[in-house]
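The lines below spell out each chain.
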Amino acid sequence: MQYFCSCHICKINHGGGKWLSTKKTYKKHQNKERARIKKNDESEPESSSESISSCNVAQKRKLEEEMSSESSFSDNNATILEDISR
């Protein structure tokens, strides 16, 4: 039975993943991937996660403003079209 590995190394070296022939090799790859992720999580400072969340809030507000301005444009266009058709 073959196992498809999509760990970071297999994705980079083999263009998206790699088929492994043994479960033992698959488990080995997965354990290395978990260790790599855990190491990255521990080394990431807390302030960066705070800045990411504040950035997401700012992007969300900007998107909401754009959506509300688009809806006001469509309301104005509908009013203009009603006036023209009369």
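Described in the following lines is the structure provided in the data block.

Rules and cut-offs
Residues numbered from 1 in each chain as written. Predicted model: local features only at pLDDT ≥ 70, side-chain atom pairs only at ≥ 80, totals over all residues. Heavy atoms only, no water. Helix = DSSP H or I, 4+ residues; strand = E, 2+ residues; numbered from the N terminus. Buried < 20%, exposed > 50% of the residue type's maximum accessible area, 1.4 Å probe, protein only. Areas by Shrake-Rupley, 256 points an atom, 1.4 Å probe, with all protein chains shown as cover. Salt bridge = Lys/Arg side-chain N within 4 Å of Asp/Glu carboxyl O. Expected span 1.5 Å × (residues − 1). Arc of directions from axis to C-beta. Contact = heavy atoms within 4.5 Å. Phe/Tyr/Trp six-rings, centres within 6.5 Å; stacked < 30°, edge-to-face > 60°. Disulfide = S-S within 2.5 Å.

1. Observations concerning the overall build of the protein chain
At step 1: Broken down by element type, the protein chain carries three helices and two strands.
At step 2: The linear arrangement of helices and strands in the protein chain, starting from the amino end, is β-α-β-α-α.
At step 3: Within the protein chain, the fraction of its 86 residues that count as buried is 9%.
At step 4: If you sum the accessible surface of the protein chain, you get close to 7,500 Å²; carbon and sulfur atoms cover 54% of it.

2. Things to note about the pattern of salt bridges
At step 1: Going through the model one piece at a time under the given rule, you end up with one salt bridge.
At step 2: The residue glutamate 33 makes a salt bridge to arginine 36 at a minimum N-O spacing of 2.9 Å. Linking glutamate 33 with arginine 36, this pair stays in helix H2 (residues 23–43), spanning three residues, or about one helical turn.

3. Describing H2
At step 1: The terminal C-alpha atoms of H2 lie 30 Å apart, and with 21 residues this matches the ideal 30 Å at 1.5 Å per residue to within 8%.
At step 2: Residues His29, Gln30 and Glu33 constitute the buried set of H2. Down the axis of H2, the smallest arc covering the buried residues is 95 degrees, so these residues share one side. Among the exposed residues of H2, those pointing more than 90 degrees away from its buried face are Lys24, Lys28, Lys32, Arg34, Lys38, Lys39, Glu42 and Ser43.

4. Points about the side chain of histidine 29
At step 1: In this fold, histidine 29 is placed in helix H2.
At step 2: The buried category is assigned to histidine 29, whose relative accessible area is 19%.
At step 3: Setting aside its immediate chain neighbours within four residues, histidine 29 contacts Cys5, Cys7, Cys10 and Leu20.

5. Re the packing of aromatic side chains
At step 1: Counted under the stated rule, the structure contains two aromatic pairs.
At step 2: Taking the centre distance of 5.6 Å and the plane angle of 25 degrees together, the rings of tyrosine 3 and tyrosine 26 count as stacked. Linking tyrosine 3 in strand E1 (residues 3–5) with tyrosine 26 in helix H2, this pair joins segments that are 23 residues apart in sequence.
At step 3: Owing to a relative accessible area of 23%, tyrosine 26 belongs among the partly exposed residues under this scheme.

6. Points about the state of the cysteines
At step 1: Applying the stated criterion across every chain, the model contains zero disulfides.
At step 2: The closest cysteine sulfur to the non-disulfide-bonded cysteine 5 is located on cysteine 7, 3.5 Å from its own sulfur.
At step 3: The closest cysteine sulfur to the non-disulfide-bonded cysteine 10 is located on cysteine 7, 3.6 Å from its own sulfur.

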